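Take a look at the letters that make up each chain.
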Amino acid sequence: MRILAADGVSGTALANGRMDLRKAGREELRCSPVGTAMWMALRHSDGFLDRAAASLAEAWQTDEGKVRTAMAIWAERMVDTGLLEAAQ
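The following paragraphs examine the structure supplied in this document. (Residues numbered from 1 in each chain as written. Predicted model: local features only at pLDDT ≥ 70, side-chain atom pairs only at ≥ 80, totals over all residues. Heavy atoms only, no water.)

Quick look at the nonpolar core
And step 1. Core analysis: the biggest nonpolar cluster contains 23 residues, and Leu21, Trp39, Leu42, Met71, Trp74, Met78 and Leu84 have the highest contact counts within it.
And step 2. Not counting residues within four places of it along the chain, the set of residues in contact with Met78 comprises Leu21, Leu29, Cys31, Trp39, Leu83 and Leu84. (Core = buried A, V, L, I, M, F, W, Y, C linked by side-chain atoms within 4.5 Å. Buried < 20%, exposed > 50% of the residue type's maximum accessible area, 1.4 Å probe, protein only. Contact = heavy atoms within 4.5 Å.)

In structure tokens:
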């Protein structure tokens, strides 16, 4: 599955490990440090969820399947908010 930032979405990384995401006409969303890591991993992996999950699982030294499941749930919520969209 490939998921990309929606058009017009921008983000600001904060010193506390969080990230503010915004899209014109919408309320700003502040990501937790885990959400920030997922956003950055997804962007770094060119939107490929499996690659992003693998890189985070390796960095966090945890089960890749669990990370993939958590990322899929997170990505679905981000798609619902209009910040991410599934690539065609």
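Quick notes on helix α1 (residues 33–44)
And step 1. For α1, spanning 12 residues, the distance from its first C-alpha to its last is 16 Å, which sits close to the expected 16 Å at 1.5 Å a residue.
And step 2. Taken from the residues just after α1, Asp46 is the one with a positive phi, measuring 60 degrees. (Helix = DSSP H or I, 4+ residues; strand = E, 2+ residues; numbered from the N terminus. Expected span 1.5 Å × (residues − 1).)

Some remarks on the packing of α1 against helix α3 (residues 64–81)
And step 1. Where α1 meets α3, the closest approach of the two axes is 11 Å, and the angle between their N-to-C directions is 90 degrees. Considered as vectors, α1 and α3 are oriented roughly perpendicular to each other. Along the contact surface, α1 presents Gly35, Met38, Trp39 and Leu42, while α3 presents Ala70, Met71, Trp74 and Met78.
And step 2. Split into classes, the residues belonging to the contact of α1 with α3 amount to seven nonpolar, one polar and no charged. (Axes fitted to C-alpha atoms, helices over the stretch in contact; angles between N-to-C directions. Parallel < 35°, antiparallel > 145°, perpendicular 65-115°, else oblique. Nonpolar A, V, L, I, M, F, W, Y, C, P; charged D, E, K, R; others polar.)

What to know about the packing of α1 against helix α2 (residues 49–60)
And step 1. The contact between α1 and α2 brings their axes to 8 Å, and the two run at 130 degrees. The angle between α1 and α2 falls in the class oblique. At the point where α1 passes α2, the crossing takes the right-handed sense. Residues Val34, Ala37, Met38, Ala41 and Leu42 of α1 form the contact with α2, whose participating residues are Leu49, Ala52, Ser55, Leu56 and Trp60.
And step 2. The residue makeup of the contact of α1 with α2, split by class, is nine nonpolar, one polar and no charged. (Left-handed = near helix turned anticlockwise from the far one by under 90°.)

Some remarks on the packing of aromatic side chains
And step 1. Overall, the coordinates contain zero aromatic pairs when judged by the stated rule.
And step 2. Of note, Arg51 hangs over the ring of Phe48, and the distance from its end group to the ring centre comes to 4.3 Å. (Phe/Tyr/Trp six-rings, centres within 6.5 Å; stacked < 30°, edge-to-face > 60°. Lys NZ or Arg CZ within 6 Å of the ring centre and 35° of its normal.)

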